[in-house]
Structure formats: C-alpha cells, structure tokens
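Spelled out, the chains give:
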Amino acid sequence: MLNTTTRLKLFIMSFFDLASNVSTTKLVYGNTRFIGFSRMPSALKTLQFYFSKRLSGEINREILKDASSLSEYLHNNVSFSNTDYWQTCIDHDGPVLLVTPHYGPFAVGCLKACLDFNGIRHVNTFYDPPEKNQSTVTYKDVLSALGYNFTPIFNDRKGLISAIKALRNNEALTMMPDVFEISSQTIYVPFFDHLTCAMTGTAFLARKSSALIAHAYVRHVNFGNIMIDIEKPYLMPVSENAELDIYNQTSVFIASLEKQLRRHPEHWMYLPNLPSRLTSAFSKNSHEIEGKIHSLSIALNLHQGKKI
Amino acid sequence: MSDVLLMPRSLLTPFFLKNVVCRYKKVFYISDNNDMSKVNGLIAVSAKKTVEIIRSEITGSQCFVVSPEYCFTTLTSCQEFIYDNVKYAISPFFELVIGHLKATTLIPRVNYESEPFEILSADEYSPTEIFRIYLRRLEQFGDSAQHTARLLRHDVLVKKELHRLLTLQFYLMSMQNCGVTEYDILLIKVLEQKKSLIGLLGDKHA
C-alpha cells in the first residue's frame with residue numbers, strides 16, 4: 001500500500017515532527033518514562049510515536065484514494081501474533097466482540113476482520129458520530145473501503161439497540177475501550193497504579209450477548225507490514241451480581257490496554273494525554289481501603305454514624 | 001478583634017503578607033497540608049484547629065487568612081448563589097468563620113493609593129455579598145485569579161464530588177470482589193447518588 005520511498009519520506013518527516021512539536025514531544029517522552037522505559041528507549045519510542053501516526057494517516061489516505069488492491073494488501077501484509085486465536089474467533093458459533101483501542105492503524109485491523117469474516121459473520125464498528133467527535137468523520141469511508149461486510153454503529157441510544165441486535169444475530173462488533181465521557185455508565189478502574197475513567201457499555205454488551213471477547217492491538221512492524229497483537233479469546237465470567245461482573249470486565253479491558261502499553265506505548269493515540277486520564281493513586285492495603293471508604297463516605301454524607 | 005482576609009493562594013505574595021502581618025498580633029493561615037508553615041509571620045492551622053480557636057473565643061488582634069478554593073465543602077452543606085449568571089458554592093466553613101466571628105473581611109485590591117484591601121464589615125455585608133465582591137475583585141487580578149474563581153463554581157464542586165463518589169465506588173467494588181458484603185447497602189447509596197450527581201451536570205449525561 002505504501003512504497004519504500006513514501007515510507008522513507010514519512011520516517012524522515014517524523015524527525016521534523018519530533019523537533020517542531022516540542023510540547024507533544026516532551027509529553028510523549030515523559031509519559032513513556034512514566035510507563036517504565038529508560039531514557040534511550042523512551043526517546044526512540046517518541047520518534048516511533050510520530051512515525052506510527054504518519055504511517056496510519058497515510059494508509060488511511062491511500063485506502064480512500066484507491067482501494068482496488070486493498071484485499072490483496074490485507075492478505076499479504078497484515079498478520080496476527082497468534083493465528084490460532086484468530087481462527088478461534090472465525091470458528092466461533094456465536095457473536096464476537098473485538099476490543100481494540102485507538103491504537104496504530106486500527107482501521108486496517110477492522111478491515112482485516114471484514115475480509116476474514118466475509119461469508120461467516122457481518123462486522124459492525126461502534127464509535128462516536130462525527131457530530132460528537134470530529135475525528136471520526138472519515139471512519140465510515142475508510143472502514144467500508146472493501147465494499148462489503150461492514151456496518152457502522154454510532155454511540156447513541158439507537159446505536160446501543162443496533163449493537164445488541166447485531167450480537168444477537170451472531171455478528172462481530174468492534175468496540176474501543178479507551179473512549180469515555182462522564183455519564184451514569186462511568187466508573188473508575190485501575191490503570192498504571194492510579195484510577196482512570198472507563199465506560200461500562202462494552203462489558204454490558206459482552207454480558208448481555210455472551211459474546212466471545214478478543215483484545216486486539218494493531219501496530220506497524222518491519223517498516224511496512226502490520227501486526228495485530230491478539231490475546232486469547234475468552235467468554236466473560238458471569239455471576240448473579242451484574243454490577244460486579246460489569247465492573248470486573250471493564251477492569252479487564254483496561255488492564256489489557258495497560259499491558260499492551262507497557263510493551264508498545266508508541267502506537268496509542270492518547271499517549272500524550274496519559275496523565276490527564278489518571279486520577280488518584282489507589283491503595284491495595286485492606287486497612288487503608290477501609291480507611292478510605294470511611295473518610296470518603298463521611299465526605300459524601302453517606303456515613304451512618306459509625307465506622308463501617 | 002478577629003478579621004478574615006480572603007486571598008487566593010496564587011496571590012499570597014510576600015508583598016500582601018507584609019501588609020497583613022504588620023496589622024495583627026497573630027495571622028493564621030487556614031490550610032490542611034501545612035504548606036505555608038514556613039512563610040514568615042504566618043501560623044498555618046488546620047480547619048479543625050481554626051474551629052477550636054474560634055470556639056475558645058480568645059481575644060486579641062488576630063486575622064484568619066482564607067483561600068476559599070481550598071475550603072472543604074460538599075454539595076449538601078454548601079450555600080449556593082448566582083453571580084454573573086453562574087452558580088457558585090460557598091463553603092460552610094467560610095460562613096462559620098465570618099458569621100461566628102462577625103469578622104471584618106479584607107479583600108485585596110488591584111489598584112489602590114494607600115489601602116491595599118477593601119474592608120467589609122459583617123454588620124453591613126452578608127457572607128453571600130462578601131463573596132460576590134470577592135469574585136468581582138478576582139476578575140481584576142488576571143488569569144490565575146480568574147482560574148481560582150472558576151474553582152469556586154458549583155459545577156466544579158459537583159465534579160469534585162463525583163470524583164470522590166467514583167473513587168468510593170471503586171473501593172466498594174474491590175471489597176465486594178473479596179467477598180465482603182457489609183458495604184452492599186453503601187454501594188447502593190453510592191449508585192443512587194451518582195445518578196443524581198450526573199443529573200446535576202446536565203440531562204444529556206444521565
């Protein structure tokens with residue numbers, strides 16, 4: 001899809017990006033250090049952040065320009081870290097939920113799903129409508145570039161019903177766990193030893209549909225190919241306590257994202273914003289937790305007059 | 001005599017402090033984290049200690065320096081008022097300090113000839129009126145003071161409380177995960193309160 005000259009040009013431009021976007025460069029470098037990388041790897045990953053962004057943007061532009069060789073590209077240049085896991089998703093009888101954040105060329109990952117699931121199950125992608133989030137303006141055109149097996153579903157009340165229907169029809173649905181807003185669906189879950197906002201919608205859909213869940217992270221490798229890091233597919237554990245199930249499952253989604261970022265943070269679109277996504281550090285010690293429950297419930301006027 | 005000086009933390013400069021410290025025998029700065037304890041002439045006290053001092057009715061020339069943005073407040077205990085079409089929240093602690101002491105309030109001025117503070121008597125001004133004047137003065141001080149004014153908004157308090165609530169929800173869920181059931185009723189209350197707080201932020205969030 002991108003020839004060697006284009007890739008080389010984008011690589012060189014990444015150096016200019018590194019030098020000219022001083023504040024972003026500092027943020028990305030600082031956040032990579034925060035994640036746990038030492039100085040030299042952090043500097044390298046900062047450069048890779050810009051390169052990954054440029055490559056992803058250029059691939060999307062190429063897809064929109066000319067998609068005639070897209071299926072060949074997806075077949076030859078996009079592979080999975082574990083083909084057995086992907087085969088499990090293909091062979092699964094019921095619905096499939098692909099959990100993939102704003103990471104690398106995620107659109108290519110969705111297109112790969114459309115290609116491989118063709119004739120087996122329809123692929124739906126759940127995202128914010130462009131009126132709500134301008135960055136999704138090109139999503140529909142890019143994701144439907146193959147011309148088959150794809151339906152966009154917008155993140156609104158009508159969209160939620162469509163998502164449930166799609167999963168009931170044993171179709172595939174892609175969800176992005178790294179998007180949040182403050183609503184009754186918002187909870188705090190652990191993320192890099194702090195708490196972060198997360199939405200319970202994905203876990204809600206998983207529980208309702210008993211879909212097979214697979215975490216997938218799409219990234220550039222080998223100066224031109226794309227690797228989809230896929231984790232072992234699983235079914236969400238279900239108990240009688242729906243709230244707890246949904247909380248635990250949402251924690252699992254974010255824990256998976258954290259694990260991927262500890263290996264390859266450079267492809268995550270929100271890497272510069274990492275600190276703003278973290279609230280307080282959390283305690284693991286049970287005595288401290290009880291103390292925090294006590295003081296917070298007093299502060300919120302929920303205390304019942306005795307130490308709980 | 002006890003007076004109250006309303007001063008945003010960002011404006012607590014040596015210049016203003018000099019003008020305050022020379023007027024009183026004791027100058028207390030109300031802070032729960034002791035960060036001002038090393039500033040000359042200021043005695044850093046916690047909110048709890050302040051209440052003790054007020055209740056002890058010790059006489060003598062003293063002043064309490066209060067940064068309203070650091071006064072702990074909750075939605076259920078705050079007093080709301082509207083200023084410039086925006087809803088603000090006054091901490092009950094602030095009302096206690098001014099109301100109980102019947103204190104004269106000092107508010108810093110940007111431009112002045114001789115007196116750097118606007119002096120408001122408790123006999124003539126209610127806490128709400130004093131707060132309105134304080135917000136008006138903050139507008140004249142520039143960006144950082146205006147940022148301080150934003151921290152006093154009611155919707156900011158709602159978000160702070162939501163943060164506390166979500167944190168509490170997290171810990172309660174952690175306990176449930178460990179099989180501890182004694183917090184189940186509290187969790188139900190948390191979820192109810194969460195719904196009403198989200199409602200306060202606007203219908204679209206509910």
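This text follows the structure it describes.
So, a few notes on the structure that sits alongside this text. (Residues numbered from 1 in each chain as written. Chains lettered and ligands numbered in written order. Predicted model: local features only at pLDDT ≥ 70, side-chain atom pairs only at ≥ 80, totals over all residues. Heavy atoms only, no water.)

### What about the overall build of chain B?
To keep it simple, the criterion reads: Working definition: helices are DSSP H or I runs of at least four residues, strands are E runs of at least two. Numbering for both runs from the N terminus. Between buried and exposed lies partly exposed: a residue is buried under 20% and exposed over 50% of the maximum accessible area for its type, with that area taken using a 1.4 Å probe on protein chains only. Here a residue-residue contact requires only that any non-hydrogen atoms of the pair lie within 4.5 Å. Where accessible areas are quoted, they stem from the Shrake-Rupley method and a 1.4 Å probe; at the residue level, only the protein chains shown are allowed to cover.
Helix and strand counts for chain B come out as seven helices and eight strands. Sorting the 206 residues of chain B into buried and exposed places 48% on the buried side. Excluding contacts between residues fewer than 6 apart, the proportion of contacts in chain B whose partners are at least 24 apart in sequence is 62%. Per element, the accessible surface of chain B, about 10,300 Å² overall, is 51% carbon and sulfur.

### Some remarks on the sheet that holds strand S6 (residues 186-191) of chain A
All names here are of chain A. Threshold: When DSSP locates at least two bridges between a pair of strands, those strands are taken to pair. Between the N-to-C directions of two axes lies an angle of 0 to 180 degrees, each axis being a line fitted to C-alpha atoms and, for a helix, fitted only over the stretch in contact.
A sheet is described by the order of its strands in space; here three strands give the open sequence S6-S7-S11, paired in antiparallel fashion. Strands at the two margins of the open sheet, each flanked by one partner only, are S6 and strand S11 (278-281). Strand-to-strand twist across the sheet, computed as the mean angle between neighbouring axes with direction ignored, equals 40 degrees. Bridge analysis of S6 against strand S7 (residues 194-199) gives six bridges, and the strand direction is antiparallel. Within the sheet, the bridge partner assigned to Thr-186 lies in S7 and is Met-199. This element, helix H10 (residues 242-263), spans S6 and S7 of the sheet and lies at about 40 degrees to S6.

### Considerations on the interface of chain B and chain A
The line we're drawing: Buried area: the sum, over both parts, of the accessible surface (1.4 Å probe) that disappears when the two are put together. Throughout this entry, Asp, Glu, Lys and Arg are counted as charged residues, while Ala, Val, Leu, Ile, Met, Phe, Trp, Tyr, Cys and Pro are counted as nonpolar. The remaining residues, Gly among them, count as polar.
With 33 residues of chain B in contact, the opposing surface of chain A contributes 31 residues. Of the roughly 2,900 Å² buried at the junction of chain B and chain A (both faces included), carbon and sulfur atoms supply 68%. Ranked by the residues each element gives to the side of chain B that touches chain A, the list is headed by helix H6 (residues 154-177) of chain B, at 17 residues. A per-class count over the side of chain B that touches chain A returns 18 nonpolar, ten polar and five charged.

### Section: the side chain of His-102 of chain A
All names here are of chain A. Tracing the chain through its elements places His-102 in the loop between strand S2 (96-99) and helix H6 (106-116). The exposure class assigned to His-102 is buried, which follows from its relative accessible area of 4%. His-102 has contacts with Tyr-139, Met-176, Asp-178, Val-179, His-267, Trp-268, Met-269 and Tyr-270, leaving out every residue within four places of it along the chain.

### Details of the packing of helix H9 (residues 201-209) of chain A against H10 of chain A
All names here are of chain A. As a reminder of what qualifies: Between 65 and 115 degrees an angle is taken as roughly perpendicular, under 35 as roughly parallel, over 145 as roughly antiparallel, and anywhere else as oblique. By definition, any crossing whose near helix is turned counterclockwise from its far helix by less than a right angle is left-handed, and any crossing with a clockwise turn is right-handed.
Here H9 crosses H10 at 120 degrees, and the two axes come no closer than 8 Å. Taken as axis vectors, H9 and H10 run oblique relative to one another. For the pair H9 and H10, the crossing hand works out as right-handed. Residue-level contacts link Thr-202, Ala-203, Phe-204 and Arg-207 of H9 to Ala-242, Asp-245, Ile-246, Gln-249, Thr-250 and Phe-253 of H10. Taken together, the residues that form the contact of H9 with H10 break down as five nonpolar, three polar and two charged.

### Regarding the nonpolar core
Test applied: By nonpolar core is meant a set of buried Ala, Val, Leu, Ile, Met, Phe, Trp, Tyr and Cys residues that side-chain atoms within 4.5 Å join together.
Among the nonpolar cores identified, the biggest contains 51 residues, and Phe-191, Trp-268 and Ile-293 of chain A together with Leu-168 and Leu-172 of chain B are the most heavily contacted of them. When contributions to this core are tallied by element, the ones reaching two or more residues are helix H2 (22-35), helix H3 (39-65), S6, S7, H10 and helix H11 (286-299) of chain A together with H6 and helix H7 (184-201) of chain B. Ranked by residue count, the leading element in this core is H6 of chain B, at eleven residues. With near-sequence residues (within four places) excluded, Phe-191 of chain A lies in contact with Thr-196, Ile-254, Leu-257, Glu-258, Leu-261, Trp-268, Leu-274 and Leu-278 of chain A. Judged by nonpolar contacts, the second largest core, of 41 residues, contains Ile-59, Tyr-73, Phe-106 and Ala-214 of chain A.

### Regarding the side chain of Asp-128 of chain A
Residue and element names in this part refer to chain A. Selection criterion: Each polar contact in these results corresponds to two N or O atoms within 3.5 Å; when the atoms are within protein, one needs to be able to donate a hydrogen and the other to accept it, and residues that are neighboring in sequence are counted only if both atoms are side-chain atoms.
Summarising the element assignment, Asp-128 is placed in the loop between strand S3 (123-127) and helix H7 (139-143). A relative accessible area of 11% places Asp-128 in the buried class. Within polar-contact distance, the side chain of Asp-128 engages the side chain of Asn-155 at 2.9 Å. For Asp-128, the contacting residues outside a window of four places in its chain are Asn-133, Thr-136, Phe-154, Asn-155 and Val-179.

### A short note on the sheet that holds strand S3 (residues 42-45) of chain B
The strands that make up a sheet pair up through hydrogen bonds in the backbone, lying either parallel or antiparallel. Residues and elements named next belong to chain B. The six strands are arranged S3-S2-S4-S1-S7-S8 in an open sheet whose pairing can be described as mixed. Looking at strand neighbours, the two that pair on one side only are S3 and strand S8 (117-120), the edges of this open sheet. Here the strands of the sheet are splayed against their neighbours by 25 degrees on average, with no regard to which way each runs. Across four bridges, strand S2 (residues 26-30) lies against strand S4 (residues 62-66) in parallel orientation.

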